[in-house]
Amino acid sequence: GDYNPLHLDFVFARRLLYGRPIAHGMHAVLWALDSWLINKKEKIALREIKIDFFAPIPVLESVRSEILKDDRNNQVKIKIDVNGIKAVIIKVFFSSGDFPVHDGSNIFNQRHSTRGECKSIPVNSLNDIEGTVDLYLSRPKFKRMFPSLDLFSSPIQISELMAITRIVGMECPG
């Protein structure tokens, strides 16, 4: 998980750039994909995803997603607004229909990572860093938060997206 206080701690976040906690960017992306899949009702495999973040999404603010480009060519473009301001643009290239899906057993049976401190890594040493990140997905929690995404997407692909947010939020913040 990404336990960066920027997302969770109202007092701590008050002293940071945005002055209050902001939503996890990947949470907003998963929510937008879930909203799109409510009407699609078809299994998809993500082939490519491009995400541009333009503005933060403060916690407890209202957001709205809008499909800007339909999925006739196995691609979709989704915009997320917060209070009428463009916050995120998501471009997704996907495959439709039945496809072999990893059962996700190894990612559902692992213990969740414990909360640790956010690392502070100097920019000039980023090129020398390498490592691995365990995949994890709490299936009951995920089903509750993103029911359409749970039904129509691959759990392994979702756990990979969530690992990225853990890297950006905890291992290499920013």
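Given the structure is predicted, the values throughout are model-derived calculations rather than measurements.

Definitions and limits used
Residues numbered from 1 in each chain as written. Predicted model: local features only at pLDDT ≥ 70, side-chain atom pairs only at ≥ 80, totals over all residues. Heavy atoms only, no water. Pairing = 2+ DSSP bridges. Helix = DSSP H or I, 4+ residues; strand = E, 2+ residues; numbered from the N terminus. Axes fitted to C-alpha atoms, helices over the stretch in contact; angles between N-to-C directions. Contact = heavy atoms within 4.5 Å. Salt bridge = Lys/Arg side-chain N within 4 Å of Asp/Glu carboxyl O. Buried < 20%, exposed > 50% of the residue type's maximum accessible area, 1.4 Å probe, protein only. Phe/Tyr/Trp six-rings, centres within 6.5 Å; stacked < 30°, edge-to-face > 60°. Lys NZ or Arg CZ within 6 Å of the ring centre and 35° of its normal.

(A) Fine view of the sheet that holds strand β2 (residues 63–69). Spatial strand order, β1-β4-β3-β2: four strands in an open sheet with antiparallel pairing. Bordering the open sheet on either side are β1 (44–53) and β2, each of which pairs with just one other strand. Strand-to-strand twist in this sheet, taken as the mean axis angle between neighbours without regard to direction, amounts to 25 degrees. Alignment of strand β3 (residues 75–82) against strand β4 (residues 85–96), held across eight bridges, turns out to be antiparallel. Looking across to β4, one finds that K77 is bridged to K91. Contacting β1, β2, β3 and β4, helix α3 (residues 25–40) crosses the sheet at an angle of about 135 degrees to β1.

(B) Expanded view of the pattern of salt bridges. Evaluation of the coordinates by the stated rule reveals seven salt bridges. The salt bridge involving R64 is made with E66; its shortest N-O contact spans 3.5 Å. Using a relative accessible area of 28% as the deciding quantity, one classes E66 as partly exposed. Linking K79 and D81 is a salt bridge whose minimum nitrogen-to-oxygen distance equals 3.5 Å.

(C) Highlighting the packing of aromatic side chains. Per the counting criterion, the structure on display carries two aromatic pairs. Against the face of F54 rests K86, its NZ or CZ located 4.2 Å from the ring centre.

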